[in-house]
Amino acid sequence: MRSLVIEDEPDTALYVCNGLRESGHAVTCCDNGLDGLHLALNEIWDLVIVDRLLPGGVDGLSIVRRLRELGKKTPVLILSALTSTDERVRGLRQGGDDYISKPFAFAELLARVEALLRRAHPAQDGTELRVADLALDMRTLLVTRGAVPIALQPRELRLLAYLMRNEGQVVTRTMLLEAVWDCHFDPQTNVIDVQISRLRSKIDRGFSPALIHTVRGVGYVLGERRAGVPGVP
Amino acid sequence: MAPFRLSHSVGARLALGNGALLVTLIVVIAAVFYFGTVGVLARSTDGKIISISNRLREEYGARAPAELVREINHELADGIDSDTEIFLVTSPAGERVVGNLTTWPTAATPLGKLINRELIRDGRPSSARLYVQPLPNGNLLYVGRDLSEQRAIRTLVLQALEAAVAVSLVLVVMGAWLSRRQIERRISGIRHTARQIESGHLDERIPVSGDDEFARLGSDINRMLDRIEQLMNGVRHVSNAIAHDLRTPLGRVRARLDEGLRREATVPALKEAARGAIDGIDDLILLLNKLLQIAEAESGMRAESFERVKLGAVVNDMAELYDAAAEEAGIHLAVASEPAATQWTLGDRDLLATAVASLIDNAIKYAGRGATVELAAPIRGDEVAIVVRDNGPGVAPAELPRLTERFYRINRARNQPGNGLGLTIVAAIATMHGGRLELVDAQPGLRASILLPRATPHASEAPEMALSLTNLSDS
């Protein structure tokens with residue numbers, strides 16, 4: 001995967017670029033808006049990570065805008081120290097695909113990067129999601145584990161669907177909050193953990209193997225075996 | 001008292017301004033009075049002189065000169081105005097024919113005009129008003145009046161006016177001094193208090209007596225000082241609390257890192273220390289984010305991005321987010337069903353959801369196992385409300401008003417995790433939406449209501465579906 005990181009702050013740039021390289025990305029780093037814009041427009045990238053505020057007269061948002069104006073659909077993740085909802089909404093409206101506020105954990109960034117890349121190359125979207133012997137029928141909303149039907153509440157269905165769609169990939173609590181509950185704030189309690197443990201008790205208890213795994217300090221992953229999580233020890 | 005300087009005293013300036021007005025008024029009245037008396041007197045004298053002169057010329061000009069002589073002698077002897085009357089007839093040669101003047105003006109005297117002259121009348125010097133005209137026989141007829149009486153009246157009037165102006169000037173100066181002293185005395189209390197406050201006695205207040213402008217100003221300033229003192233205390237409290245709340249996790253982070261370094265530096269030990277440090281730092285970031293959130297909500301900057309939000313839906317979403325947590329805590333979380341479609345308000349959905357989440361979180365934390373937490377979004381007149389009510393142990397009424405203070409934690413909660421910012425944020429969010437947070441002792445339990453201005457729904461806005469296939473497949 002070829003990624004372009006446009007970030008002027010040396011520490012953050014190093015943190016992000018090294019992390020992505022260790023995770024198997026080919027990374028190009030750029031420390032100002034003007035060069036960033038040039039690179040973003042003239043080369044082909046799988047992903048662009050851009051800081052919201054940049055020196056050089058071209059800020060992050062205008063790079064995103066320019067890309068979209070030219071019809072390029074490259075996934076863009078915006079990094080920003082501006083944390084308010086307004087700023088986030090502005091970033092997304094200008095064409096960003098995701099927005100992450102500083103300070104952030106690298107694991108969070110990586111999880112979002114991978115989700116973006118998956119979204120850019122979607123797997124065939126059937127009417128049924130299936131992981132091991134767990135199945136979710138998208139038309140009837142029936143969940144079965146093996147031959148046993150499992151009753152889930154509507155919001156739990158949505159949570160499960162999101163986890164299954166991202167099978168084998170780590171999703172963070174914040175990603176779940178946004179995708180399942182449409183919450184763009186951190187409730188700063190363990191609500192998500194409790195929701196997951198309830199879901200886990202419904203789909204994993206009494207079945208083998210366990211499908212929902214906790215990734216310490218990052219989030220959760222649904223899959224037959226606990227997936228190796230690069231970047232997280 | 002400070003030396004008197006006009007530029008330093010509003011009272012004196014006011015009194016002097018009024019005084020100047022008064023003096024002007026007196027001068028105008030005096031002028032009117034002067035011209036109404038002395039002027040009228042002079043004009044009537046002039047009229048008499050001319051009419052007598054004309055009468056003598058017309059009646060006696062054509063007759064024998066002896067008749068005119070007799071008439072003039074009669075006039076001078078008849079006792080009417082005789083002591084001021086002046087008559088004289090001179091021959092063309094300049095000799096006196098008849099009259100009571102000893103000397104008279106020479107031939108250069110203008111004819112047919114009223115003139116003032118110093119002459120000698122019956123041997124005595126006299127200041128006179130004189131009218132000279134020729135008679136048909138070549139003689140000159142002088143008619144006039146002695147002015148000394150008029151002069152005396154004029155002097156008297158002028159003296160009276162001068163005295164009046166002088167007295168009023170004295171009164172004006174005295175008034176200026178008195179009102180300056182009065183104002184100075186009323187203001188000195190305010191100035192004294194201001195100096196005290198300047199030197200650090202923030203609890204000093206202006207003594208207020210009576211109910212005049214200064215008393216009202218004094219109590220206005222006192223109220224302002226109360227508010228400022230309250231804010232100062234708040235700020236002081238907040239910075240103390242922030243310092244304290246930052247120091248504890250920082251100390252923990254430092255201790256963990258220190259520990260990691262001191263031990264035999266095995267990789268797992270170092271990792272453990274690093275993890276612990278990251279957790280601690282995450283706590284700090286969280287705390288700072290909350291403080292930023294309060295500051296952002298209190299500055300009210302986001303009002304321009306408000307959209308129409310349906311409160312019932314927000315409450316439902318948050319209830320579904322917290323249902324598992326409530327279950328785990330042994331709490332029954334119930335959402336009262338409400339008439340849909342009408343609970344709209346203008347606002348920021350994320351912030352309102354944050355507020356609701358915070359209220360539910362509190363209720364779950366403090367209501368205790370087995371309690372019920374009821375959520376509702378009722379309409380109250382022009383307002384819509386979000387009500388979170390529990391039947392737990394509640395909060396002592398004395399503590400209720402303090403719940404929204406930054407970092408305030410009720411005694412019972414001090415050993416629970418948390419930082420005492422939750423309700424501060426909720427209150428700030430309510431305020432920035434033009435609403436308010438109401439905390440009431442529900443006996444038993446606590447009832448927290450966010451009251452917000454109601455927005456009318458658009459016709460096109462149908463009640464949202466809680467879950468549909470569309471948003472299920474849209475990840």
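All values reported here derive from a predicted model rather than from experimental measurement.

Visitor: Would you mind showing me how to read the overall build of chain B here?
Guide: A tally of helices and strands in chain B yields nine helices and 13 strands. Taken over 475 residues, chain B has a buried fraction of 27%. Counting only contacts in chain B whose residues sit at least 6 apart along the sequence, the fraction spanning at least 24 positions is 63%.

Visitor: Please clarify how the sheet that holds strand 8 (residues 142–145) of chain A should be interpreted in this entry.
Guide: Sheet strands pair by backbone hydrogen bonding; their relative direction is either parallel or antiparallel. All names here are of chain A. Strand order in the open sheet formed by four strands is 6-7-8-9, with antiparallel pairing between adjacent strands. Each edge of the open sheet carries a strand with a single partner, namely strand 6 (128–131) and strand 9 (148–150). Each strand of the sheet is rotated relative to its neighbour by a mean of 20°, with strand direction disregarded. Inspection of the sheet shows strand 8 paired to strand 9 by three bridges, in the antiparallel sense. Within strand 9, the residue paired with Val 143 across the bridge is Ile 150. Each of strand 6, strand 7 (134–137) and strand 8 touches helix 6 (residues 154–165); the most contacted strand, strand 6, lies at about 65° to it.

Visitor: Where do I start with helix 6 of chain A in this structure?
Guide: It helps to recall that an α-helix has 3.6 residues per turn; residues three or four apart then point in one direction. All names here are of chain A. Compared with the 16 Å implied by 1.5 Å per residue over 12 residues, the 17 Å span of helix 6 between its first and last C-alpha is a close match. Taking burial as the measure, the 12 residues of helix 6 include 10 buried ones, the bulk of the element. Among the residues of helix 6, Arg 155, Glu 156, Arg 158, Leu 159, Leu 160, Ala 161, Tyr 162, Leu 163, Met 164 and Arg 165 are the ones counted as buried.

Visitor: Is there a simple way to think about the pairing of strand 5 (residues 98–101) of chain A in this case?
Guide: Sheet faces and side chains relate simply in a regular strand, where the side chains alternate between the two faces. Residues and elements named next belong to chain A. In strand 5, alternate side chains face the same way, and those of Asp 98 and Ile 100 on one face and Tyr 99 and Ser 101 on the other are all buried. Of the strand pairs in this sheet, strand 4 (residues 76–80) and strand 5 are connected by four bridges, and their pairing is parallel. Across the sheet, residue Ile 78 finds its bridge partner in strand 5, namely Tyr 99.

Visitor: Sorry if this is basic, but what is going on with the interface of chain A and chain B here?
Guide: When the parts come together, some accessible area is lost, and that loss is often what is quoted as the size of the interface. Facing 28 residues of chain A, the contacting portion of chain B comprises 28 residues. Only helix 4 (85–93), helix 6, helix 7 (173–181) and helix 8 (191–203) of chain A provide two or more residues apiece to the side of chain A that touches chain B. Of all the elements, helix 6 of chain A adds the most residues to the side of chain A that touches chain B, at seven residues. Across the side of chain A that touches chain B, the residue classes tally to 14 nonpolar, eight polar and six charged.

Visitor: I'm lost on unusual backbone geometry in this one. Help?
Guide: Note on backbone geometry: most residues besides glycine have negative phi, and most peptide bonds are trans. Residues and elements named next belong to chain A. Of note, the amide linkage connecting Ser 208 to Pro 209 takes the cis form, showing an omega dihedral of -5°. Locating Pro 209 in the fold gives a position in the loop between helix 8 and strand 11 (212–215). In this structure, Ala 132 is a non-glycine residue whose phi angle is positive, near 50°. Along the chain, the position of Ala 132 falls in the loop between strand 6 and strand 7. One non-glycine residue with positive phi stands out, namely Leu 141, at about 60°. Mapping Leu 141 onto the fold places it in the loop between strand 7 and strand 8. A tally of 14 C-beta atoms within 10 Å means that Leu 141 is categorised as partly exposed.

Visitor: What should I look at first to understand the nonpolar core in this one?
Guide: Residues and elements named next belong to chain B. Formed by 111 residues in total, the largest nonpolar core has its most connected members in Met 318, Tyr 322, Val 356, Ile 360, Val 373, Val 426 and Ile 429. The element that contributes the greatest number of residues to this core is helix 7 (residues 349–367), accounting for 12 residues. Leu 56, Ile 86, Ala 128 and Tyr 131 belong to the second largest nonpolar core, which has 20 residues in total.

Visitor: Explain the sheet that holds strand 4 (residues 124–134) of chain B here, please?
Guide: Residues and elements named next belong to chain B. Strand order across the open sheet formed by five strands is 2-1-5-4-3, with antiparallel pairing between neighbours. Looking along the sheet, the strands with just one partner apiece sit at the ends: strand 2 (96–99) and strand 3 (114–121). Averaged over neighbouring strand pairs, the angle between their axes works out to 30° when direction is ignored. Pairing analysis gives eight bridges linking strand 3 to strand 4, with the strands arranged antiparallel. The partner of Ile 120 across the bridge, within strand 4, is Pro 125. Lying over the sheet, helix 2 (residues 65–77) contacts strand 1 (85–90) and strand 2, oriented at roughly 160° with respect to strand 1.

Conventions we followed
Residues numbered from 1 in each chain as written. Chains lettered and ligands numbered in written order. Predicted model: local features only at pLDDT ≥ 70, side-chain atom pairs only at ≥ 80, totals over all residues. Helix = DSSP H or I, 4+ residues; strand = E, 2+ residues; numbered from the N terminus. Buried ≥ 20, exposed ≤ 12 C-beta atoms within 10 Å, placed from the backbone. Contact = placed C-beta atoms within 7 Å. Pairing = 2+ DSSP bridges. Axes fitted to C-alpha atoms, helices over the stretch in contact; angles between N-to-C directions. Expected span 1.5 Å × (residues − 1). Nonpolar A, V, L, I, M, F, W, Y, C, P; charged D, E, K, R; others polar. Core = buried A, V, L, I, M, F, W, Y, C linked by C-beta atoms within 7 Å.

These figures capture arrangement, not role.
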